[in-house]
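Each chain, written out:
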Amino acid sequence: MIYKCVGNIFKDYTHWPARVVATMTTESSPPVSLTERDKCIFCKICDGIEPNNIVHQDEDFVVFPDIRPAAPHHYLIVPRHHYLDVRHLSSQHVPMIEKMVSLSKEVLTTQGGSPDTARLGFHMPPFITVKHLHLHIIAPEQEMGLIARGIFKANSFWFASPESVIQKLREKPQ
């Protein structure tokens, strides 16, 4: 049985896949204390502590609707491991980003949206409201309002497409 002590409370992680528990306890990039994890709303959603309308979950990711949708289909893909943002990733994380893009197409199709009309992207620091890496899936982008088009402006310095993030990660020195 796997238990973690958080303050005076023991949390039971026995129902989690072993890979998720190992990721929480051993992966380093950047390290996150359990108290920091307990403060992160996205970590709480991933851990099942904070209720949400989860549309997909697996051992690596949780997908749920954005609380302020910019279009009829606006979801967030959140890795279970706590990464602050894309600037804390390296070239070794490219497969993770590619998996997030693939998952975005699957989720949109399952939820009745079309990947062909979607805008995908990551907010770039300092334009991040939740400091936990997440990919926005917004569809159809033609139905985004004027303010949303500015907030989620494709390939701006504050909202980067997965393709541009992958390119930057591949060029990033180790």
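Residues numbered from 1 in each chain as written. Predicted model: local features only at pLDDT ≥ 70, side-chain atom pairs only at ≥ 80, totals over all residues. Heavy atoms only, no water.

Most often, soluble globular proteins keep nonpolar side chains buried together rather than apart. In this structure, I77, L89, M96, I97, M100 and F122 are the most contacted members of the largest nonpolar core, which totals 27 residues. Among the elements of the structure, β4 (61–65), β5 (73–79), α4 (94–110), β6 (119–123), β7 (135–139) and α6 (162–171) are those that each provide at least two residues to this core. Among residues more than four places away in sequence, those in contact with M100 are F61, I77, P79, F122 and L135. (Core = buried A, V, L, I, M, F, W, Y, C linked by side-chain atoms within 4.5 Å. Buried < 20%, exposed > 50% of the residue type's maximum accessible area, 1.4 Å probe, protein only. Helix = DSSP H or I, 4+ residues; strand = E, 2+ residues; numbered from the N terminus. Contact = heavy atoms within 4.5 Å.)

Let's shift gears to the packing of aromatic side chains. According to the stated counting rule, one finds five aromatic pairs in the structure shown. Ring-pair connections join several aromatic residues into one group, and the members of that group are F127, F157 and W158. (Phe/Tyr/Trp six-rings, centres within 6.5 Å; stacked < 30°, edge-to-face > 60°.)

Before going further, it helps to examine α6. Taken as a whole, α6 has its buried residues at P162, S164, V165, I166 and L169. Lining the buried residues of α6 we find α4, β6, β7 and β8 (159–160).

On to the sheet that holds strand β3 (residues 56–57), then. Spatially, β3-β4-β5-β7-β6-β8 is the arrangement adopted by the six strands of the open sheet, whose pairing is antiparallel. Here the strands that pair on one side only, and so sit at the sheet edges, are β3 and β8. Bridge count between β5 and β7: five bridges; the pairing is antiparallel. Of the residues in β7, the one forming a bridge with L76 is H136. The sheet contacts of α4 involve β3, β4, β5, β6 and β7, and relative to β5 the element is tilted by about 145°. Strands β6, β7 and β8 of the sheet are contacted by α6, whose axis makes an angle of about 50° with β6. (Pairing = 2+ DSSP bridges. Axes fitted to C-alpha atoms, helices over the stretch in contact; angles between N-to-C directions.)

What follows is about the packing of α4 against α6. α6 packs onto α4 with a crossing angle of 170° between their chain directions and a minimal axis gap of 10 Å. One way to sum up the angle between α4 and α6 is to call them roughly antiparallel. For the pair α4 and α6, the contacting residues are V94, I97, E98 and V101 in the first and P162, I166, L169 and R170 in the second. Split by residue class, the contact of α4 with α6 holds six nonpolar, no polar and two charged. (Parallel < 35°, antiparallel > 145°, perpendicular 65-115°, else oblique. Nonpolar A, V, L, I, M, F, W, Y, C, P; charged D, E, K, R; others polar.)

Working note: regular strand, side chains alternate between the two faces of the sheet. Of all five residues making up β4, four are buried, and the element is well covered by its neighbours. Where β3 meets β4, two bridges bridge the pair, whose relative direction is antiparallel. Across the sheet, residue Q57 finds its bridge partner in β4, namely V62. Here β3 hands over to β4 after three residues, the two strands then running antiparallel side by side.

Turning next to the side chain of H56. As for its position among the elements, H56 is in strand β3. When neighbours within four sequence positions are excluded, H56 is seen to be in contact with F61, V62, V63, L103, E106 and V107.

Scanning the model with the defined rule gives three salt bridges in all. Notably, a salt bridge pairs K99 with D60, separated by 2.7 Å at the nearest N-O pair. In this pair, K99 sits in helix α4 while D60 sits in the loop between β3 and β4, placing the two residues 39 residues apart along the sequence. According to the relative accessible area criterion, D60 is buried, its value standing at 17%. Between E98 and R170 there is a salt bridge, with its nearest N and O atoms 3.0 Å apart. In this pair, E98 sits in helix α4 while R170 sits in helix α6, placing the two residues 72 residues apart along the sequence. Relative accessible area serves as the criterion here: at 36%, E98 is assigned to the partly exposed category. (Salt bridge = Lys/Arg side-chain N within 4 Å of Asp/Glu carboxyl O.)

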